[in-house]
Amino acid sequence: MALPCVLAVLCLLVQVPVVASETSPGRIGINRVNLAWLSRDDQKRVLTEMAAGGVTHVRLSLSRPVNKSIEALEIADRLGLRILLEIQLGNKDYYPQGTRPRSGFDRIWDVYRLSDLDLGRFRAGLRAALQAIDDKGIRLDAVEPGNEINYSAYNGDLLVYRKPGGRTPRNVAEIADRDAFERGLDIYVEAVRIAREELRATMHSRGAAVVSAGLSDVGVGEADGRGMERLDPGEVVSLLREKGIDDVVDAYGIHVYPGRKRDAALMRDVTALLDFCQPQGTGRPCWVTEWGIANTARACPIDDREREGAIRAVRGAFAQLMEEKRLEAAFYYDWDTQPAYSVWRCGALSPAGAAAIAPTSEGAPAR
């Protein structure tokens, strides 16, 4: 090859942008689910505010109406946002006609049972959605089928008691309908396998990571008070591993809501919750697909100093886990919809929000 041609090729290579998520210690992002419920103008406004605020990675949802979800993905992609797509398994199109969801007794929404999920319907619906996404040239960074499948708020195989306040299960042996719950986990593993296969059939998202459903960290005290069955994340990960989840996922999803504590306690609790997260080769690393610290203040301008300190402590725990290759991503919950947890306050990104979405080296306190 002539020297001018070589130089031209080298110049082109130098100009190719480096993808942040492939070179940084971990992905740092934020949640904005259910954009399908907004008008296109509102979708664009929210996502533009996020991009202008320094957000680089977002967790968005594929929910009904699916075409509106895909509109939001297109806007996010055009803004250069890297997308973790949560596939909501509560979509009624994935279940046989006439399937009735489990009752939440008006304390929580009614939800379908994982054990009723029709894998054929799921594949058909997901294939159509991914093809539509691909046709628009959208590249997904990762896909997360399902959400909090260890908690009755999102898995109908777990009960909501008619009256709260009693003792709820402490382990899988105490689940009221253990057979249905475990059958649902078997179906879930197959659904994730289908998601992986359908992703690999796309042009733009074939390299997307597959993350298992983010598991709830709701404790037994809260579960008893709400009258809702749940299981510890570590126990459910163990059950899923026995059923072959490691063959079809790149990482385990987990949610972290540690509350406000002293910095050392926050870091200790977060690290303990994620003790099942392991580097590739010894298990699977984790993605924290939701985490948050509450600030219930409504006044403007917002006083976010206390929450900012707690967020920096959590980010410190995340940074250590990322250095150990046990954690690959952390997505704060939420941008602008949850009164206590949101970071878009008084028409701007709050100081705590800036700390939550800062690059890894900036978000954690110096050690």
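Residues numbered from 1 in each chain as written. Predicted model: local features only at pLDDT ≥ 70, side-chain atom pairs only at ≥ 80, totals over all residues. Heavy atoms only, no water.

Burial analysis of strand β8 (residues 327-332) places 5 of its 6 residues in the buried class, the great majority of the element. Inspection of the sheet shows strand β7 (residues 286-291) paired to β8 by 4 bridges, in the parallel sense. In the sheet register, Trp287 faces β8, and the bridge partner there is Ala329. For the crossover that starts at β7, traverses helix α10 (residues 305-323) and ends in the parallel β8, the hand is right-handed. (Buried < 20%, exposed > 50% of the residue type's maximum accessible area, 1.4 Å probe, protein only. Helix = DSSP H or I, 4+ residues; strand = E, 2+ residues; numbered from the N terminus. Pairing = 2+ DSSP bridges. Right-handed = clockwise from strand over helix to strand, strands pointing away.)

Within the secondary structure layout, Thr99 lies in the loop between β3 (82-87) and α5 (119-135). You can call Thr99 buried: its relative accessible area is 19%. If we ignore the near neighbours within four places in the chain, the residues touching Thr99 are Tyr112 and Asp116. (Contact = heavy atoms within 4.5 Å.)

Let us now look at the nonpolar core. Judged by nonpolar contacts, the single largest core of 88 residues is most densely connected at Leu140 and Trp291. When residues in this core are grouped by element, the largest group, 10 residues, is from helix α6 (residues 178-200). Counting residues in hydrophobic clusters, the runner-up holds 8 residues, among them Ala142, Ala209, Val211 and Phe331. (Core = buried A, V, L, I, M, F, W, Y, C linked by side-chain atoms within 4.5 Å.)

Here the focus is unusual backbone geometry. Residues Arg64 and Pro65 are joined by a peptide bond in cis, for which omega reads -10°. Mapped onto the elements of the fold, Pro65 is located in the loop between β2 (57-62) and α4 (66-78). Note that the residue after Cys300, namely Pro301, is joined by a cis bond; omega there is -5°. Take Pro301: it is sitting in the loop between β7 and α10. With phi around 60°, Asn34 is a residue other than glycine that occupies positive phi space. Residue placement: Asn34 occurs in the loop between β1 (27-31) and α3 (40-52). Of note, the phi angle at Lys325 is positive, near 65°, even though the residue is not glycine.

Another aspect to go through is the packing of α4 against α5. It is at 10 Å that the axes of α4 and α5 come closest, and there the two elements cross at 35°. Crossing handedness for the pair α4 and α5: right-handed. Across the interface between the two elements, Val66, Ile70 and Leu73 from α4 touch Ala129, Ala132 and Ile133 from α5. Partitioned by chemical class, the residues of the contact of α4 with α5 number 6 nonpolar, no polar and no charged. (Axes fitted to C-alpha atoms, helices over the stretch in contact; angles between N-to-C directions. Left-handed = near helix turned anticlockwise from the far one by under 90°. Nonpolar A, V, L, I, M, F, W, Y, C, P; charged D, E, K, R; others polar.)

Moving on, we get to helix α8 (residues 233-242). Taken as a whole, α8 has its buried residues at Pro233, Val236, Val237, Leu239 and Leu240. Looking straight down α8, one finds its buried side chains confined to an arc of 160°; they lie on one side. Phi turns positive one or two residues past the end of α8, at Gly244, with a value near 95°. (Arc of directions from axis to C-beta.)

In protein chemistry, a disulfide is the covalent bond that joins the sulfur atoms of two cysteines. Using the criterion set out here, one finds 2 disulfides in the structure. The disulfide that involves Cys277 links it to Cys286, with 2.0 Å between the sulfurs. On the S-S bond that ties Cys277 to Cys286, the torsion sits near -85°, and the link is left-handed. Sulfur-sulfur distance for the disulfide between Cys300 and Cys346 comes to 2.0 Å. Around the S-S axis, the bridge from Cys300 to Cys346 shows a dihedral of about -90° and counts as left-handed. (Disulfide = S-S within 2.5 Å.)

Glancing now at the packing of aromatic side chains. Tallied over the full model, the rule gives 9 aromatic pairs. Judged by centre distance (6.2 Å) and plane angle (15°), the rings of Trp287 and Phe331 are stacked. Linking Trp287 in strand β7 with Phe331 in strand β8, this pair joins segments that are 44 residues apart in sequence. You can call Phe331 buried: its relative accessible area is 1%. Ring geometry for Trp335 and Trp344: centres 5.2 Å apart, planes at 25°, overall stacked. (Phe/Tyr/Trp six-rings, centres within 6.5 Å; stacked < 30°, edge-to-face > 60°.)

The next subject is the side chain of Asn155. Take Asn155: it is sitting in the loop between β4 (140-145) and α6. A polar contact of 2.9 Å, which involves the side chain of Asn155, links it to the backbone oxygen of Ile149. Aside from chain neighbours lying at most four places away, what touches Asn155 is Arg102, Val111, Tyr112, Leu114, Ile149 and Phe181. (Polar contact = N/O pair within 3.5 Å; in protein donor to acceptor, adjacent residues only side chain to side chain.)

Take it as geometry only, folks, not as evidence of what the structure does.
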